[in-house]
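Descriptive structure summary
Listed below are the residues making up each chain.
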Amino acid sequence: MEKPNDTLQTMAGHGRTRPKNSGTKKLFDNPILEALSRTHIMIPISMWLVLSVFLGWYAFTYTDMGTQMIAALFFTGLFVFTLFEYVLHRYLYHLTPSTPQRAKIQYTFHGVHHEYPKDKTRLAMPPALAIVVAGAFFGLFFLMMGEAAYAFFPGFLVGYSGYLAVHFIVHAYAPPKNFFKQLWVNHSVHHYKNPESNYGVSTPMWDYIFGSFQK
């Protein structure tokens, strides 16, 4: 496993180490934990899309919300996710590694991805952890908005699924000759030019708003 002092040294400067374009990194000595730290991209995408459909069906079938209200909540959830993605990436994934403990957290969550950006098995949160996190978020949204969460959370999950798909495309493939190309370029700037810019993966909107966009 990565030693804290080694991690602190490696991640100094928010991941400005030279990224390795291939290969992978062992994070855990325990083989079960190591296996659980990886996933095929289609597993979480499929999970969240199926759950989104189920929750949307539940909203239509078992709540008093009308079609317009459900649609409005869905797109609100989709929009809110784009801001959540930006904030999470900027302030947690790029947490300043000022202590060995913080450095280890930062490296495990995100630093390893910057060091090995072509590792396809670590382009998404592992399902075992993601299920716990999703349950906590749904519980929070339900406490905040009641049954509206059944329509809001599907939009949030679809936003997350879109983020996962875009993130996989920009790391696993050469620059596409379609509308994904600009997203590919934006994220490449984040990885290979300035890791303190271009935090948005699925959209550069919040980078423009908060002044962190770089060409």
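The shown structure was predicted, so the numbers you read here are calculated from the model rather than taken from an experiment. (Residues numbered from 1 in each chain as written. Predicted model: local features only at pLDDT ≥ 70, side-chain atom pairs only at ≥ 80, totals over all residues. Heavy atoms only, no water.)

1. Notes on the overall build of the chain
Secondary structure summary: the chain contains nine helices and zero strands in total. Each helix and strand of the chain, placed in order from N terminus to C terminus, yields the pattern α-α-α-α-α-α-α-α-α. Expressed as a percentage of its 215 residues, the buried residues of the chain come to 46%. Long-range pairs, those at least 24 residues apart, make up 69% of the contacts in the chain between residues at least 6 apart in sequence. (Helix = DSSP H or I, 4+ residues; strand = E, 2+ residues; numbered from the N terminus. Buried < 20%, exposed > 50% of the residue type's maximum accessible area, 1.4 Å probe, protein only. Contact = heavy atoms within 4.5 Å.)

2. Considering the pattern of salt bridges
Summed over the entire model, instances satisfying the criterion amount to four salt bridges. The shortest N-O distance in the salt bridge between Arg122 and Glu34 comes to 2.9 Å. Of this pair, Arg122 sits in the loop between helix H5 (100-115) and helix H6 (127-145) while Glu34 sits in helix H2 (residues 31-36); the two residues are 88 residues apart in sequence, bridging distant segments of the chain. Both residues of the pair, Arg122 and Glu34, belong to the buried class. (Salt bridge = Lys/Arg side-chain N within 4 Å of Asp/Glu carboxyl O.)

3. Comments concerning H6
In a regular helix each residue adds 1.5 Å, so 19 residues correspond to 27 Å; H6 covers 26 Å between its end C-alpha atoms and thus fits that length. When we look at burial in H6, the residues that qualify are Pro127, Ala130, Ala134, Phe138 and Phe141. In a view along the axis of H6, the buried residues occupy a sector of 70°, so they form one face of it. Projecting away from the buried face of H6 at angles above 90 degrees are the exposed residues Val132, Ala136 and Leu143. Check the buried side of H6 and you find it contacts helix H3 (42-62) and helix H7 (149-172). Phi turns positive, to about 65°, at Gly146, one or two residues after H6. (Expected span 1.5 Å × (residues − 1). Arc of directions from axis to C-beta.)

4. Details of the side chain of Ser37
Residue position: Ser37 is located in the loop between H2 and H3. At 2.6 Å, the side chain of Ser37 forms a polar contact with the backbone oxygen of Glu34. A polar atom in the side chain of Ser37 sits 2.9 Å from the side chain of Arg122. Residues contacting Ser37, with those up to four places away along its chain left out, are Phe28, Thr121, Arg122 and Pro126. (Polar contact = N/O pair within 3.5 Å; in protein donor to acceptor, adjacent residues only side chain to side chain.)

5. Some details on helix H4 (residues 67-93)
Taking 1.5 Å as the rise per residue, H4 with 27 residues should run 39 Å; its terminal C-alpha atoms sit 37 Å apart, in good agreement. The complete set of buried residues in H4 reads Ile70, Leu73, Gly77, Phe81, Thr82, Glu85, Tyr86, His89 and Tyr93.

6. As for the packing of H3 against H6
Following both chains from N to C, one finds H3 and H6 inclined at 25°, their axes separated by 11 Å at the closest point. Considering their axes alone, H3 and H6 lie roughly parallel with respect to each other. Pair H3 / H6 crosses with right-handed handedness. Contacts from Ile43, Met47 and Trp48 of H3 reach H6 at Pro127, Ala130, Ile131 and Ala134. In terms of residue class, the contact of H3 with H6 is built from seven nonpolar, no polar and no charged. (Axes fitted to C-alpha atoms, helices over the stretch in contact; angles between N-to-C directions. Parallel < 35°, antiparallel > 145°, perpendicular 65-115°, else oblique. Left-handed = near helix turned anticlockwise from the far one by under 90°. Nonpolar A, V, L, I, M, F, W, Y, C, P; charged D, E, K, R; others polar.)

7. Some thoughts on the packing of H5 against helix H8 (residues 180-192)
At their nearest, the axes of H5 and H8 sit 10 Å apart, and the two run at 100° to each other. Taken as axis vectors, H5 and H8 run roughly perpendicular relative to one another. Here His110, His113 and His114 of H5 come into contact with H8, specifically with His187, His190 and His191. Of the residues in the contact of H5 with H8, the class split is no nonpolar, six polar and no charged.

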